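Observations on chain architecture
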Amino acid sequence: MPPTEAAVEWAAGAGPHAKAATFFDAAADGEVIINATPGAVSLEVLAAASTRNLDGKVLIDVANPLDHSAGFPPSLAISNTDSLAETIQRSFPTARVVTALNTMRADVMVAPDRLAGGDHDVFMAGDDAGAKEVVAGLLREFGWRPEHIRDLGPLEAARGDGDVASAVAPHLPSAGRPRVQHQGGLRISCAQSPERRQACPSATGGGWAGLFYRSCG
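These figures come from a predicted structure and were not determined experimentally.

Criteria and cut-off values
Residues numbered from 1 in each chain as written. Predicted model: local features only at pLDDT ≥ 70, side-chain atom pairs only at ≥ 80, totals over all residues. Heavy atoms only, no water. Helix = DSSP H or I, 4+ residues; strand = E, 2+ residues; numbered from the N terminus. Polar contact = N/O pair within 3.5 Å; in protein donor to acceptor, adjacent residues only side chain to side chain. Buried < 20%, exposed > 50% of the residue type's maximum accessible area, 1.4 Å probe, protein only. Pairing = 2+ DSSP bridges. Axes fitted to C-alpha atoms, helices over the stretch in contact; angles between N-to-C directions. Parallel < 35°, antiparallel > 145°, perpendicular 65-115°, else oblique. Left-handed = near helix turned anticlockwise from the far one by under 90°. Contact = heavy atoms within 4.5 Å. Nonpolar A, V, L, I, M, F, W, Y, C, P; charged D, E, K, R; others polar. Core = buried A, V, L, I, M, F, W, Y, C linked by side-chain atoms within 4.5 Å.

**Notes on the side chain of Asn102**
When you line up the elements, Asn102 lands in the loop between strand E5 (96-100) and helix H6 (106-109). Polar side-chain contacts of Asn102 include one of 2.8 Å to the side chain of Asn64.

**Some points on the pairing of strand E1 (residues 32-36)**
With respect to burial, E1 is a largely interior element, five of its five residues being buried. Residues of E1 alternate between two faces, with Val32, Ile34 and Ala36 on one and Ile33 and Asn35 on the opposite face, all of them buried. Note that E1 and strand E2 (residues 58-61) share four bridges and pair parallel. Counterpart to Val32 in the pairing with E2 is Val58.

**Some details on the packing of helix H3 (residues 42-49) against helix H5 (residues 84-91)**
As a packed pair, H3 and H5 sit with axes 11 Å apart at the nearest point and diverge in direction by 30°. It follows from the interaxial angle that H3 and H5 lie roughly parallel. At the point where H3 passes H5, the crossing takes the right-handed sense. Here Ser42, Leu43 and Leu46 of H3 come into contact with H5, specifically with Leu84, Thr87, Ile88 and Ser91. Counted by class, the contact of H3 with H5 contains four nonpolar, three polar and no charged residues.

**So, the nonpolar core**
Ranked by size, the top nonpolar core spans 24 residues in total, and within it Ile60, Leu101, Val135, Leu139 and Trp144 carry the most contacts. It is helix H7 (residues 129-142) that contributes the most residues to this core, six residues altogether. Counting 15 residues, the second-largest nonpolar core is a separate cluster that includes Leu54, Ala85, Ala95 and Leu155.

This is the structure:
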């Protein structure tokens, strides 16, 4: 399936390092893969990207398995004893899956200072220590302070991240000023902004709507 017109239009306006591509081509070219697809279709999209193209690569899972079938607020299609990140890791065992950035809006992901001057936390979990070092480095490039990058441990900790994301979803406002939501004693980033920051603030560009990649070279 070729890139959508919307993706082509986005790439045209996102700078010289941005491009629209198929899931397969994005995964083939990328050194760090970001799964920012809806959780309900993440496995299908990653299958289209190809197990071969994910082999050995850091895969940052930003998605949440939100189930909207019963209306709003959504529940989790995968929860309690499993998580989407764990499911992805089982389905693509040679990928190096790290879950991160799934408890906040896109505009805060890449610009933490938009909220409380950056005085809030981002969480990550994964079974590969080297992969988590790569993700922590990328988060620092985005502007996250080292003391606010919280490593929750192995990938099974993603179950808690999903619960947090589900709890925050009903409280995400559509417009206004950024604020901090407190859920279950955790300080969660929510941004009240009608626009989404589409470009990754690194030398190589990137994006957050669909399966995108970041080339480290």
